[in-house]
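An overview of the molecular structure
Spelled out from the first residue to the last, the chains are:
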Amino acid sequence: MSALAKNYNRKKISFKKGKGSYLYSTNGKKYLDFIQGIAVNSLGHANPNLIKAINKQSKKVWHVSNAFIIPEGEKLAKKLTQKTFADAVIFQNSGTEATEAAIKVARRYFYSIGKPNKNRIICIKNSFHGRTIAAINASGSKKMTEGFGPKVPGFDHFEFGNHQKMKKLIKKNTAAIMVETVMGEGGIKVIPNWCIKELRKLCNKKGILLILDEVQCGIGRSGKFFAFEGAKVKPDIVPIAKGIGGGFPIGAVLMTNKVAKAMIPGTHGSTFGGNPLAMSVGNAVLDQIFKKGFLKNVKKLSSYFHIELNKIQKQFPQIIQEVRGVGYLIGIKLLFNQTKFIQQLMDNKLLTIRASENVIRILPPLNVKKSEIDLALRIIKKVCYTYKI
Ligand SMILES: *Cc1c(COP(=O)(O)O)cnc(C)c1O
């Protein structure tokens, strides 16, 4: 009997070790892991450079308070600001903390310029921004908020793609629009570049902030460092997490100088956020992702993956409705419930995970090999063949 609460429906399998794209179960089986802790292990399991970084730092200092200057954090923030739109960073430990911080930054910005009533955030209904009380109310999903009342005020919702409704929601008291550039949990739904561009224009026109949640789609997963880069826009606030730690819990909120100015001493903090151990790992992750050619390779190999998956879709249109996503954030939308299919993939030693709308989510590590993609393709095809149509 497990002493853990039952808030997860866990598969009856455990792993004793991992290496790159593979996981080895305690009962002696080898799995191709295309979940990678849900887009967290951006460089696969047991990455030698990350092991080196964490070992080295663990012998020096693990944790000191943010009351002091933390050089490893200064370094990571510098990297993030030099390579992105951002001018400033606040480190956290998780995605939901990062989205919460993003909401706080937006509100505090308007407070700081004498508009404290501008505090409402517009979000997509059934999006995913994490599990804190504010984040579940930002998502507005019944499944996540049910039983956790009272409802947190300050969030307005529109359905994905309902531009008319979204525009109508913008009022005098609106502070920001917050969306995932690519909806992950929601079924790998990509907001197209033209749409992100229009969103930016709209926010400018209305004098509100644009928050792009890149917790899942960021850190190279799309083939660009941020998924919004294709739209050539500059957001105001971007929460990140998942891939930045490569398996170590790190979250962060990135922002422009304009809004960062509002975050004066005492406005936000975190005991663990930005500690030397976490920051050392983060630096090692980014050193690899920013290596020349790394993201280009993600783009090239992932587009091969998409092309081949689309071929399978054409071969099995009665099973697969469409292939969604960008880069290594891939969704296979089935025409029926995906649970059995995911189990069959697992029986064939390929690990994938569900998303909404009957979608099977495929999240390889960013340094996955072509031969591993080919293996996954063979397994997916094999499972398709088992469906008699
Ligand atoms: C996973 C996720 C979060 C929450 O991250 P946690 O680390 O689980 O708190 C927030 N936003 C998006 C888009 C996510 O995918």
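Residues numbered from 1 in each chain as written. Predicted model: local features only at pLDDT ≥ 70, side-chain atom pairs only at ≥ 80, totals over all residues. Heavy atoms only, no water.

Re the pairing of strand 1 (residues 15-19)
In plain terms, the rule: For two strands to count as paired, DSSP must find a minimum of two bridges between them. Comment: elements are numbered from the N terminus, with helices defined as DSSP H or I runs of at least four residues and strands as E runs of at least two.
Here strand 1 runs beside strand 2 (residues 22-25); their pairing, made up of four bridges, is antiparallel. Looking at the pairing, phenylalanine 15 lines up with serine 25 of strand 2.

Digging into the environment of threonine 99
What counts here: Buried, partly exposed and exposed residues are distinguished by accessible area as a fraction of the type maximum, computed with a 1.4 Å probe on protein chains only: under 20%, between the cut-offs, and over 50%, respectively. Contact between two residues is taken to exist if any of their heavy atoms lie within 4.5 Å; hydrogens are not considered.
You can see threonine 99 is positioned in helix 4 (residues 95-112). Its relative accessible area of 1% is what places threonine 99 among the buried residues. For threonine 99 and leucine 212, which are 113 residues apart along the polypeptide, the C-alpha to C-alpha distance reads 9.4 Å. Setting aside residues up to four positions removed in sequence, threonine 99 forms contacts with His129, Ala135, Asp213, Val215 and Pro239.

Section: the packing of aromatic side chains
Selection criterion: Side-chain rings of Phe, Tyr and Trp, where Trp is taken by its six-membered ring, are said to pair if the distance between their centres is within 6.5 Å; with planes under 30 degrees apart they count as stacked, over 60 as edge-to-face, and otherwise as tilted. Placement of a positive charge over a ring is assigned whenever Lys NZ or Arg CZ falls within 6 Å of the ring centre and within 35 degrees of the normal to the ring plane.
With the rule as written, the count across this model stands at eleven aromatic pairs. Relative to phenylalanine 290, the ring of phenylalanine 225 lies with its centre 4.8 Å away and its plane at 40°, an arrangement referred to as tilted. Taken together, the residues phenylalanine 225 in the loop between strand 10 (209-213) and strand 11 (237-240) and phenylalanine 290 in the loop between helix 10 (276-289) and helix 11 (294-315) connect sequence positions 65 residues apart. Following the ring pairs from residue to residue traces out a cluster consisting of Phe85, Phe225, Phe226, Phe228 and Phe290. Between the NZ or CZ atom of lysine 17 and the centre of the ring of tyrosine 24, over which it lies, the distance is 4.9 Å.

Focus: the pairing of strand 7 (residues 174-180)
The element strand 7 is largely enclosed, with a buried count of seven among its seven residues. Direction of pairing for strand 5 (residues 120-124) relative to strand 7: parallel, over a ladder of four bridges. Bridge pairing in strand 7 places arginine 120 opposite threonine 174. Where strand 7 and strand 10 come together, five bridges link them in parallel fashion. Directly across from isoleucine 177, in strand 10, lies its bridge partner leucine 210.

Regarding the nonpolar core
Note the following rule: Put simply, a nonpolar core is a bunch of buried Ala, Val, Leu, Ile, Met, Phe, Trp, Tyr and Cys residues held in one set by side-chain atoms that sit within 4.5 Å of each other. Residue ranges assigned to each domain were obtained from an automatic or database domain assignment.
Counting 81 residues, the largest nonpolar core has Leu80, Leu254 and Phe305 as the members making the most contacts within it. There are two domains that each give this core at least three residues, and those are domain 1 (15-47 + 295-386) and domain 2 (49-289). Contacts of phenylalanine 305, omitting those with residues within four sequence positions, involve Phe34, Tyr328, Ile330, Ile362, Pro364, Ile373, Ala376 and Leu377. With 24 residues, the next largest nonpolar core counts Ala138, Ile211, Ala260 and Met263 among its residues.

Some details on the sheet that holds strand 13 (residues 320-326)
For clarity, the cut-off: Throughout, an axis means a line fitted to C-alpha atoms (over the contacting stretch in the case of helices), and angles, computed between N-to-C directions, take values from 0 to 180 degrees.
One open sheet holds the four strands; their spatial order is 13-14-17-16, and the pairing between them is antiparallel. Each edge of the sheet is formed by a strand with only one pairing partner; in this case those strands are strand 13 and strand 16 (353-355). Taken pair by pair, the neighbouring strands of this sheet meet at an average axis angle of 30°, ignoring direction. On top of the sheet, helix 11 reaches strand 13, strand 14 (329-334) and strand 17 (359-362); it is set at about 170° to strand 13, its chief contact.

With respect to the site of the ligand
For the record, the criterion: By convention in these notes, a residue is near a molecule or strand provided one of its non-hydrogen atoms lies within 4 Å of it. Polar contact criterion, stated in full: a pair of N or O atoms within 3.5 Å, where within protein one must be able to donate a hydrogen and the other to accept it, and residues adjacent in sequence count only if both atoms are side-chain atoms. Accessibility throughout is a Shrake-Rupley quantity obtained with a 1.4 Å probe, and a residue counts as covered only by protein chains that appear here. Charged residues are taken to be Asp, Glu, Lys and Arg, nonpolar residues to be Ala, Val, Leu, Ile, Met, Phe, Trp, Tyr, Cys and Pro, and polar residues to be all remaining types, Gly included.
Taken together, Ser94, Gly95, Thr96, Phe128, His129, Gly130, Glu180, Asp213, Val215, Gln216 and Lys242 make up all the residues around the ligand. Within the side chain of aspartate 213, an N or O atom sits 2.8 Å from a nitrogen atom of the ligand. In the complex, 83% of the free accessible area of the ligand, which totals 380 Å², lies under the protein chains. When its residues are assigned to classes, the shell around the ligand shows two nonpolar, six polar and three charged.

Interpretation note: all reported values are geometric properties and have no functional meaning in isolation.
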